[in-house]
Amino acid sequence: STAIAKLNDNITAVSIGPNPFYNQVLIQLNTITPEAVMLKVYNTNGQVMTEKNLGITNTGLNYAIFNGSNFPSGYYTVELTGKSHSVGKSMIKVN
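Residues numbered from 1 in each chain as written. Predicted model: local features only at pLDDT ≥ 70, side-chain atom pairs only at ≥ 80, totals over all residues. Heavy atoms only, no water.

K.L.:
I would appreciate a short explanation of the sheet that holds strand 7 (residues 74–81) in the present structure.
P.N.:
Pairing between sheet strands relies on hydrogen bonds along the backbone, with the strands arranged either parallel or antiparallel. With antiparallel pairing, four strands are arranged side by side in an open sheet as 5-4-7-8. Since the sheet does not close on itself, it has two edges, and those belong to strand 5 (48–56) and strand 8 (86–93), each with one partner. Going across the sheet, the axis of each strand differs from the next one's by a mean of 20°, ignoring polarity. Summarising the sheet, strand 4 (residues 36–42) and strand 7 pair through five bridges and their orientation is antiparallel. Within the sheet, the bridge partner assigned to Met38 lies in strand 7 and is Thr81. (Pairing = 2+ DSSP bridges. Helix = DSSP H or I, 4+ residues; strand = E, 2+ residues; numbered from the N terminus. Axes fitted to C-alpha atoms, helices over the stretch in contact; angles between N-to-C directions.)

In structure tokens form, the structure reads like this:
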């Protein structure tokens, strides 16, 4: 999986796995306080392929499953956006 620690004052970790992925990937987000979060997936051209409102996160570990079964193989960026920040992570889709 791909992980980053201490991203800002509220998000302490994000991980994506498996990476590379075939159909689905698990996105884990650890937050200190509850926060509204949006998830967007971009292709290498910067085009938004999908977006999903994850709602209000719980304090601690939160999960989202991304289903990319209808996406072609390639590199993608997952962006998680809170009220005052955003975090980007790369992932690879393989068939």
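Here the narrative resumes.
K.L.:
I tried to follow the packing of aromatic side chains on my own but got confused; where do I start?
P.N.:
In this description, a pair of aromatic rings is defined by centroid distance and the angle of the planes. If you walk through the whole model with that rule in mind, you get three aromatic pairs. Seen in terms of ring centroids, Phe21 and Phe66 are 6.1 Å apart; in terms of plane orientation they differ by 75°. Their pairing is edge-to-face. Here Phe66 lies in strand 6 (residues 60–67) and Phe21 lies in the loop between strand 2 (11–17) and strand 3 (24–31), a separation of 45 residues in the sequence. One exposure class covers both Phe21 and Phe66, and it is buried. When the centroid spacing of 5.4 Å and the interplanar angle of 80° are considered together, the rings of Phe66 and Phe71 count as edge-to-face. For Phe71, a relative accessible area of 9% puts it in the buried group. Taken together, the ring pairs in this structure connect Phe21, Phe66, Phe71 and Tyr76 into an aromatic cluster. (Phe/Tyr/Trp six-rings, centres within 6.5 Å; stacked < 30°, edge-to-face > 60°. Buried < 20%, exposed > 50% of the residue type's maximum accessible area, 1.4 Å probe, protein only.)

K.L.:
Could you clarify how one ought to interpret the environment of Val25 in this entry?
P.N.:
Inspection of the secondary structure assignment puts Val25 in strand 3. Given the relative accessible area of 1%, Val25 is considered buried. Separated by 44 residues in the primary sequence, Val25 and Ser69 have C-alpha atoms spaced 10.0 Å apart. The residues contacting Val25, other than those within four sequence positions of it, are Ile16, Gly17, Pro18, Ala64, Ile65, Phe66 and Met91. (Contact = heavy atoms within 4.5 Å.)

K.L.:
Teacher, can you tell me more about the confidence of the model for the protein chain here?
P.N.:
The predicted coordinates of low-pLDDT regions are not to be read in fine detail. With 86% of its residues at a pLDDT of 70 or more, the protein chain has an overall mean of 86. When the criterion is pLDDT under 50, residues 1–7 qualifies, and its contacts beyond four places in sequence or with other chains add up to 25 contacts. (pLDDT = per-residue confidence, 0-100.)

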